[in-house]
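Spelled out, the chains give:
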Amino acid sequence: MRTNIYTYLVWLLILGATIVSCSKDEDNGSVTPSSEERYTGDSYQDLHSPWVKDPSQKTHVTRWECILFGSYSTNEVVSGSFNAVDDYALVEGDVITDAALYSQLEQAEWTDDDTEIGGKRYHRLNGSGAVSCSTNREQHYRWADTEAWHYFAYAPIKWRILKISGTKAVLLADRMPDTCPFHDKDEDVNWSGSHLRQWLNSDFLHRAFSETERNAIETTSVENAPNVSYGTKCGPDTQDRVFILSNKEVFASPLATDYGFYAGSGIDDPARRFRSTLYAKCRGAWWSSVEGYRGNSFWFMRTNGYTPSNITYICDFGYLYNQGTAVTCDDAAVLPALTIDLTKASWTVATPVMSTDIVQ
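Once a new chain begins, its residue numbering starts again from 1 and follows that chain's sequence as written. Selection of residues for local features in this predicted model requires a pLDDT of at least 70, selection of side-chain atom pairs for listing and counting requires 80 or more, and totals for whole chains, interfaces and linings are taken over all residues. No hydrogens and no water enter the side-chain calculation; it runs on all heavy atoms of the structure.

Enquirer: Looking at this model, I keep getting lost on the side chain of His-183. Mind explaining?
Expert: Structurally, His-183 is set in the loop between strand 11 (178-179) and helix 3 (195-208). Polar contact is the term for a pair of N or O atoms within 3.5 Å; when the atoms are in protein, one must be able to donate a hydrogen and the other to accept it, and sequence-neighboring residues count only if both atoms are side-chain atoms. A polar contact of 2.8 Å, which involves the side chain of His-183, links it to the side chain of Glu-187. Those residues within four positions of His-183 in sequence are excluded, and the remaining contacts are Val-189, Gly-193, Ser-194, His-195, Val-327 and Thr-328. Here a strand is any run of E in DSSP of at least two residues, a helix any run of H or I of at least four, and the numbering for each starts at the N terminus. Note on definitions: a residue-residue contact is assigned when non-hydrogen atoms from the two residues lie within 4.5 Å.

Enquirer: Just checking my understanding: could you explain a negative patch on the surface for this structure?
Expert: Patch membership requires over 30% relative accessible area and the absence of a salt bridge. Like charges are linked within 9 Å, and nonpolar side chains (Val, Leu, Ile, Met, Phe, Trp, Tyr) within 5 Å. Per-residue and other accessible areas follow the Shrake-Rupley method at a 1.4 Å probe size, with only the shown protein chains counted as cover for residues. Each salt bridge in this description consists of a side-chain nitrogen of Lys or Arg and a carboxyl oxygen of Asp or Glu lying within 4 Å of one another. His is not counted here, nor are the chain ends, while Lys and Arg score as positive and Asp and Glu score as negative. A charged residue contributes its charge at one atom only: NZ of Lys, CZ of Arg, CG of Asp or CD of Glu. Where like charges cluster on the molecular surface, the negative patch consists of Asp-184, Asp-186, Glu-187 and Asp-188. Following the sequence through the fold, Asp-184 ends up in the loop between strand 11 and helix 3.

Enquirer: Any chance you could explain the packing of aromatic side chains here in plain terms?
Expert: Each aromatic ring pair is specified by the distance between its two centres and by the angle formed by the two planes. Here a Phe, Tyr or Trp ring, Trp counted by its six-membered ring, pairs with any other such ring whose centre lies within 6.5 Å, and the pair is stacked when the planes are under 30 degrees apart, edge-to-face when over 60, and tilted otherwise. Tallied over the entire structure, the rule returns 22 aromatic pairs. An angle of 40° between the planes, with centres 6.3 Å apart, marks the rings of Phe-182 and Trp-191 as tilted. Note on Tyr-293 and Phe-317: the rings are 5.4 Å apart at their centroids and 45° apart in plane angle, and the pair reads as tilted. Separated by 24 residues along the polypeptide, Tyr-293 in the loop between helix 7 (278-283) and strand 15 (296-297) and Phe-317 in the loop between strand 17 (310-314) and strand 18 (320-326) bring together distant segments of the chain. Counting every residue linked through ring pairs, the aromatic cluster contains Phe-69, Tyr-72, Phe-152, Trp-159, Trp-199, Phe-204, Phe-209 and Tyr-279. The positively charged end of Arg-124 is found above the aromatic ring belonging to Trp-149, 3.9 Å away from the centroid. Whether a charge sits over a ring depends on NZ of Lys or CZ of Arg being within 6 Å of the ring centre and within 35 degrees of the ring normal. Its end group placed over the ring of Trp-64, Arg-160 keeps NZ or CZ at 4.7 Å from the ring centre.

Enquirer: Explain the pattern of salt bridges to me, please; I cannot follow it from the model alone.
Expert: Any two side chains of opposite charge can pair, given that their charged atoms come close. In the structure shown here, the tally under the stated rule is 16 salt bridges. One salt bridge connects Arg-38 with Glu-36, and the closest N-O pair in it is separated by 3.0 Å. Type-normalised accessible area, obtained with a 1.4 Å probe on protein chains alone, sets the label of each residue: buried when under 20%, exposed when over 50%, and partly exposed for intermediate values. A relative accessible area of 34% means that Glu-36 is categorised as partly exposed. For Arg-121, the salt bridge is made with Asp-114, and the minimal N-O distance between the two is 3.0 Å. Through salt bridges that share partners, Glu-36, Arg-38, Lys-163 and Asp-258 make up one connected network.

Enquirer: Quick question: what am I supposed to make of the pairing of strand 20 (residues 337-341) here?
Expert: Along any regular strand, the residues point their side chains to alternate faces of the sheet. With five of five residues buried, strand 20 lies mostly within the body of the structure. Here strand 20 shows a buried face lined by Ala-337, Thr-339 and Asp-341 and a second buried face lined by Leu-338 and Ile-340. Across five bridges, strand 10 (residues 168-173) lies against strand 20 in antiparallel orientation. Its bridge partner lying in strand 20, Leu-172 is registered against Ala-337. DSSP bridges decide pairing: two strands pair if at least two such bridges lie between them.

Enquirer: I keep staring at the layout of surface pockets and nothing clicks. Help me out?
Expert: Leftover empty space is mapped by rolling, across the atoms, a probe with the size of a water molecule. One number sums up the size of the largest pocket: a volume of about 600 Å³. Listed by contribution, the elements that provide at least two residues to the lining of the largest pocket are strand 5 (61-78), strand 9 (150-165) and strand 14 (274-275). Classification convention: Asp, Glu, Lys, Arg as charged; Ala, Val, Leu, Ile, Met, Phe, Trp, Tyr, Cys, Pro as nonpolar; all other residues, Gly among them, as polar. For the lining of the largest pocket, the per-class residue count stands at ten nonpolar, seven polar and nine charged. In this analysis a 1.4 Å probe is tested at points of a 1 Å grid over the protein atoms alone, and where it fits but cannot get out there is a cavity; an open set with protein on both sides within 12 Å along at least five of seven lines is a pocket; lining residues have an atom within 4 Å of a point. Grid points are joined across faces, edges and corners, and a volume is the space filled by probe spheres set on the points.

Enquirer: Mind showing me how you'd approach helix 3 here?
Expert: An α-helical segment advances 3.6 residues per turn. Residues three or four places apart therefore align on the same side. Taking 1.5 Å per residue as the helical rise, helix 3 with its 14 residues ought to reach 20 Å, and the 18 Å between its terminal C-alpha atoms agrees with that figure. Bending is quantified residue by residue as the angle between axes fitted to the seven-residue window ending at that residue and the seven-residue window starting at it. At Asn-201, helix 3 shows its strongest bend, of approximately 30°. When we look at burial in helix 3, the residues that qualify are Leu-196, Arg-197, Trp-199, Leu-200, Ser-202, Phe-204, Leu-205 and Ala-208. A helix is expected to span 1.5 Å for every residue after the first.

Enquirer: Hey, could you run me through the environment of Asp-42 in this one?
Expert: Positionally, Asp-42 belongs in the loop between strand 1 (37-39) and strand 2 (43-44). Once residues within four sequence positions are removed from consideration, Asp-42 is found in contact with His-48, Ser-49, Ile-164, Ser-165 and Gly-166. A distance of 2.9 Å separates the side chain of Asp-42 from the backbone nitrogen of Gly-166, its partner in a polar contact.

Enquirer: How do you make sense of the nonpolar core when you look at a structure like this?
Expert: If you look at soluble globular proteins, the nonpolar side chains tend to sit buried side by side. We define a nonpolar core as any set of buried Ala, Val, Leu, Ile, Met, Phe, Trp, Tyr and Cys residues linked to one another through side-chain atoms lying within 4.5 Å. Residues Leu-196 and Ile-340 are the most contacted members of the largest nonpolar core, which totals 85 residues. Ile-340 has contacts with Ile-67, Phe-69, Thr-167, Lys-168, Ala-169, Leu-171, Ala-216, Ile-217, Glu-218 and Ala-345, leaving out every residue within four places of it along the chain. Grouped together as the second largest cluster of nonpolar side chains are ten residues, Val-77, Ala-108, Trp-110 and Tyr-151 included.

Enquirer: How should I be thinking about empty space enclosed by the protein in this particular structure?
Expert: Counted under the stated rule, the structure contains one cavity of 30 Å³ or more. A volume near 40 Å³ is recorded for the largest cavity. Looking at the lining of the largest cavity residue by residue, the class counts come to three nonpolar, four polar and two charged.

Enquirer: Explain helix 2 (residues 99-107) here, please?
Expert: Regarding helix 2, the residues found buried are Leu-101, Tyr-102 and Leu-105. Buried residues of helix 2 fall within an arc of 100° about the axis and therefore sit on the same side. Set apart from the buried face of helix 2 by more than 90 degrees, the exposed residues are Ala-100 and Gln-107. Against the buried residues of helix 2 lie strand 5, strand 7 (114-117), strand 8 (120-125) and strand 9. It is the directions from the helix axis to the C-beta atoms whose arc is reported.

Enquirer: Quick question: what am I supposed to make of the environment of Asp-330 here?
Expert: Locating Asp-330 in the fold gives a position in the loop between strand 18 and strand 19 (333-334). Residue Asp-330 is classed as partly exposed on the basis of its relative accessible area, which comes to 27%. Once the C-alpha coordinates of Asp-330 and His-183 are considered, the two residues, 147 residues apart in sequence, prove to be 9.4 Å apart. Not counting the four nearest positions on each side in its chain, Asp-330 is found in contact with Val-131, Ser-132, Arg-137, Thr-179 and Gly-284. A polar atom in the side chain of Asp-330 sits 3.5 Å from the side chain of Arg-137.

Bear in mind that shape data such as this cannot, by itself, settle questions of function.
Quick look at the structure:
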């Protein structure tokens, strides 16, 4: 009798362990994958493609190596106090307080709103040159006088390396350098016919890069796949020197993982959180005041939303809004991407970026 009771108890323990094990699998959705660390692509000299740890888990970590390439109007020169942007939305160096330099800029000669003083380039902007400007629009640059000039120093553009293949590197800006609507009319439009595509490959390209630097920028074959949730067609594939990312490149694909983003669902990926420069804010970029994401901006994708007159975007906490917003939205920042030939470009290594750094 004791033997039968003992056998019965053993079977109960085995059954209990099995039930607990099954319950854990159901809670997690699947068996937890083993830990994995790897570089997602090639290396060139001392540069590497993104390093990812546990890429298929919600606790994934990414490190992007970075370079400086090109330059753009970034940091505002002021003569005294500055209160046009909330302190939490600024980073060190955004504001240059220098009354003497400000006076020189006021008296300088300008060509296409650019000038040079002491071997350094500067750009000026007033309300007429902004995408949108207001004196009291919350979480937007506060213009005290829309007629007055604001002066910005050019600074090197920092880029994250999304992937290296041979000597070619796909780069993504570390901060949004500017603001521009996806399109200038409220109508059905896709990336191929958008105002933003034209602007990036003309105005931005020529302001941000010298002729030598432009010669190092490759023409990239850009795929414009339909919106997977709504089936909205996104137009023909294009050939671009400067572009913005698509839904597929930041979500739910092996390519998104290679670029350092979390390809699954269920989290607001810190790797997709970005801040805009002070110049972009002066041009109209919105910033978040939400605790945990304060200072982050939202950025356009090139994938249409639930209709051809909508465009998808990544919000301040790293979530992909697949339904989209109006193509004429005037306060989303622009996060440019491009491909360069590292053997032709003049670049400088910059401080790497970790996805854990981006958690505000």
